[in-house]
Amino acid sequence: MREIVPACPKCKSNKYVVRIRTAEKVGTVAGGAVGAGSAYAGFTSGAKAGAVLGSIIPGLGTVAGAGIGAIGGTIMGFLSGCAVGNAVGERIDANIRIKYRCTNCSSKIQG
Ligand SMILES: [Zn+2]
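Note that the coordinates shown come from a computational prediction; the quantities given were computed from them, not determined experimentally.

### Here's the deal with the overall build of the protein chain
For the protein chain, the helix and strand inventory stands at two helices and three strands. Of the regular secondary structure in the protein chain, the N- to C-terminal order runs β-α-α-β-β.

### Let's talk about the confidence of the model for the protein chain
Residue-level pLDDT values for the protein chain average 75, and 68% of them are 70 or greater. The least confident element of the protein chain, judged by mean pLDDT, is helix α1 (residues 22-56) at 70; the most confident is strand β2 (residues 99-102) at 87.

### Side note on the environment of T74
Turning to its location among the elements, T74 is positioned in helix α2 (residues 62-95). The class for T74 is buried, based on 20 C-beta atoms found within 10 Å. Taking the C-alpha atoms as reference points, T74 and G46, 28 residues apart in sequence, are found 7.2 Å from one another.

### Structural notes on the sheet that holds β2
Across the sheet, three strands lie side by side as β1-β2-β3; this open sheet has antiparallel pairing. Every interior strand has two partners, whereas the edge strands, β1 (17-20) and β3 (108-110), have only one. Pairwise comparison of adjacent strand axes, ignoring direction, gives a mean angle of 35 degrees for this sheet. Across three bridges, the pairing between β2 and β3 is antiparallel. Counterpart to Y100 in the pairing with β3 is I109.

### Side note on the nonpolar core
Membership of the largest hydrophobic core is limited to five residues, which are F43, A47, A51, A66 and A70. When contributions to this core are tallied by element, the ones reaching two or more residues are α1 and α2. Sort the elements by how many residues they give to this core and α1 lands first, with three residues. Sequence-distant contacts of A51, defined by excluding residues within four places in its chain, comprise T62, G65, A66 and G69.

### A word on the pairing of β2
Looking at chain direction, β1 and β2 are connected through four bridges and run antiparallel. The partner of V17 across the bridge, within β2, is C102. The turn joining β2 and β3, which pair antiparallel and follow one another in sequence, is formed by five residues; a positive phi near 55 degrees is taken by S106.

### Notes on the environment of K99
Looking at where K99 falls in the secondary structure, it is placed in strand β2. On the basis of neighbour counts, which here come to 14 C-beta atoms within 10 Å, the residue K99 falls in the partly exposed class. It is 5.0 Å that separates the C-alpha atoms of K99 and Q110, two residues lying eleven residues apart in sequence.

Conventions adopted
- Residues numbered from 1 in each chain as written.
- Predicted model: local features only at pLDDT ≥ 70, side-chain atom pairs only at ≥ 80, totals over all residues.
- Helix = DSSP H or I, 4+ residues; strand = E, 2+ residues; numbered from the N terminus.
- pLDDT = per-residue confidence, 0-100.
- Buried ≥ 20, exposed ≤ 12 C-beta atoms within 10 Å, placed from the backbone.
- Pairing = 2+ DSSP bridges.
- Axes fitted to C-alpha atoms, helices over the stretch in contact; angles between N-to-C directions.
- Core = buried A, V, L, I, M, F, W, Y, C linked by C-beta atoms within 7 Å.
- Contact = placed C-beta atoms within 7 Å.

So this is what it looks like as structure tokens:
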């Protein structure tokens, strides 16, 4: 589906008009921050769970268990954080008013 682009008032054409995706950048940054936070939360909770697991299972050891748990927790946290970040970015993208710019005369057009 091709999106409808408004025409440039100066050039009288939409041939050079491109969409400025400001919201997408905001969403990506927000998503990255959320992902990093979740990864850290996953790291700490994973390490704790791993340490408990390591002390229960004979031969595994608390330190080894904590390491395994931390890695697993970080990956899980990162993945869930990315998913949340993407959803947040998409929501911002849908709500923010889209702006356009003419690449021929570089004038900004409100969508
Ligand atoms: Zn123009």
